[in-house]
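Notes for the structure review
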Amino acid sequence: MAAGASDLPRRGDRSLAAEPAAPNNRAPHPDSELDMPVPTTHRTQLLIIGAGPAGYTAAIYAARAGLAPLVVAGLRPGGQLTITTDVENYPGFAQAVQGPWLMEQMRAQAEHVGARIIQDVVIAADFSTRPFRCRGDSGDEFLADAVVIATGAEARWLGIPGERELAGFGVSACATCDGFFFRGRRVAVVGGGNSATEEALYLSNLAAEVILIHRRDSLRSEKILQQRLFARPNVRFLWNTVVEAALPDASPRPSLRALRLRDLRSGAVSELPVDGLFVAIGHDPATAVFRGQVAMDQAGYILVEPGSTRTSVPGVFAAGDVADKIYRQAVTAAGTGCMAALDAERFLAASRFAGQEAA
Ligand code: NDP
């Protein structure tokens, strides 16, 4: 089932500029009774932050271009695909593959061609200095001539009982990824924005019935999308209604049986039998640590020049869901990861040329 991104800790933005570079070794600190390793400074041409399809693809291309990239893998290496079961829409596999397996393969491929992957979480970044500086949760410091940000985005969840347990077993946050498994079935979509409307439209081509459940009495999506959805004969709407629980089937393999609903006007509680629940209440890009460093939109998505992965800072590139609120697919993330590596390669070549000219 559905795919996506990392959840970096939100510790706020901290400038690294005033801090001294740490010694470049991992020897035990002489003063430490606990034998704690001292922080290491990693110097690289290209730092890739995030290890989902975008980060790994950037690493594969950059390594093959001789850039010896360093990947900081984040809290959940592999990203949203690691919480996905069957993946049927990633090209190259005639049979469905498992999300975690696919990500292991990408990692192995990146390492095989020479990328170095470090288990750490970037908690601070300073893109005002050259080289760029980032610090990991471990205390390690990363100095890089170019950076690819590929930290992804996280689907928002309702936080109701049963939702987490049934994720991948009837509960999803991606109709494009998982709608196929609900052909001829009855599914519910929660939300009232563009995502929910598009998910419901997509599902109405596959499912026997789609029930859109929204906490208010009108959608906030674009009018044209609304008109299309209202015209679908197999879509109905439950307004002013919230989902309070996803109720499991009693069968040994977990599956969704029904939703417990509450009508916000009358307070009435009811059960709605469904085979699938698609939660479409928005995404949160994992960009808190880069706030103030690169230009973002109001929702925190990194802004890139159209048709490229270039951010507002020359030498810093963004790939995958962190800069994409529309497509959000593993394959589009991989595609922009490739673009970011090529953009970085060109940037580094131009910087070297400029350096030679100046010398
Ligand atoms: P939005 O934030 O636009 O909409 C989220 C929806 O979920 C709202 O209707 C909101 O309700 C509802 N919601 C939020 N939290 C809860 C909750 N806890 N319980 C129940 N309902 C909840 O998110 P989208 O993902 O739809 O869109 C995000 C951005 O991406 C937008 O700018 C959108 O235009 C863009 N986008 C563009 C697309 C395109 O151009 N094709 C496709 C998808 C997204 P309420 O309305 O009451 O606040």
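Some remarks on the overall build of the chain
Within the chain, the secondary structure is distributed over six helices and 19 strands. Across the 359 residues in the chain, those meeting the buried criterion constitute 45%.

Structural notes on the confidence of the model for the chain
Residues of the chain with pLDDT of at least 70 account for 89%, and the chain-wide mean is 89. Counting contacts from residues 1-31, a segment whose pLDDT is below 50, to residues more than four positions away or on other chains yields 93 contacts.

Some details on the pairing of strand S6 (residues 122-126)
Summarising burial for S6: four of the five residues are buried, a large majority. Judged from the four bridges that link them, S6 and strand S7 (residues 132-136) form a sheet pairing that is antiparallel. What sits directly across from Val122, in S7, is Gly136. In sequence, S6 turns back onto S7 through a hairpin of five residues.

Overview of the pairing of strand S8 (residues 141-149)
Side-chain positions along a regular strand alternate between the two faces of the sheet. Counting buried residues along S8, seven of its nine residues qualify, which places the element largely inside the surrounding structure. Relative to S8, strand S1 (residues 41-49) is paired through eight bridges, and the arrangement is parallel. Paired with His42 across the bridge in S8 is Phe142. Of the pairings in the sheet, the one linking S7 to S8 comprises four bridges and is antiparallel in character. The partner of Phe132 across the bridge, within S8, is Ala144. The turn linking S7 back onto S8 is made up of four residues, and Gly139 within it adopts a positive phi angle of 100°. Of the strand pairs in this sheet, S8 and strand S19 (residues 316-318) are connected by three bridges, and their pairing is parallel. By the bridge assignment for S19, Ile149 is matched with Ala318.

Let's talk about the site of the ligand
Around the ligand, the surrounding shell holds 17 residues, and the nearest of these are Gly192, Gly193, Ser195, Ile281 and Gly282. Ranked by the residues each element gives to the shell around the ligand, the list is headed by helix H4 (residues 194-204), at four residues. In the shell around the ligand, the residues fall into five nonpolar, seven polar and five charged. Inspection of the shell around the ligand shows a minimum of three residues originating in each of domain 1 (41-154 + 283-358) and domain 2 (157-279).

Digging into the sheet that holds strand S12 (residues 209-213)
Spatially, the five strands line up as an open sheet ordered S10-S17-S11-S12-S13, and their pairing is parallel. At either end of the open sheet lies a strand with only one pairing partner, and these are strand S10 (171-172) and strand S13 (235-238). The pairing of S12 with S13 spans four bridges and is parallel. Within the sheet, the bridge partner assigned to Ile211 lies in S13 and is Arg236.

Parameters and conventions
Residues numbered from 1 in each chain as written. Predicted model: local features only at pLDDT ≥ 70, side-chain atom pairs only at ≥ 80, totals over all residues. Helix = DSSP H or I, 4+ residues; strand = E, 2+ residues; numbered from the N terminus. Buried ≥ 20, exposed ≤ 12 C-beta atoms within 10 Å, placed from the backbone. pLDDT = per-residue confidence, 0-100. Contact = placed C-beta atoms within 7 Å. Pairing = 2+ DSSP bridges. Near = placed C-beta within 6 Å. Nonpolar A, V, L, I, M, F, W, Y, C, P; charged D, E, K, R; others polar. Domains from an automatic or database assignment.

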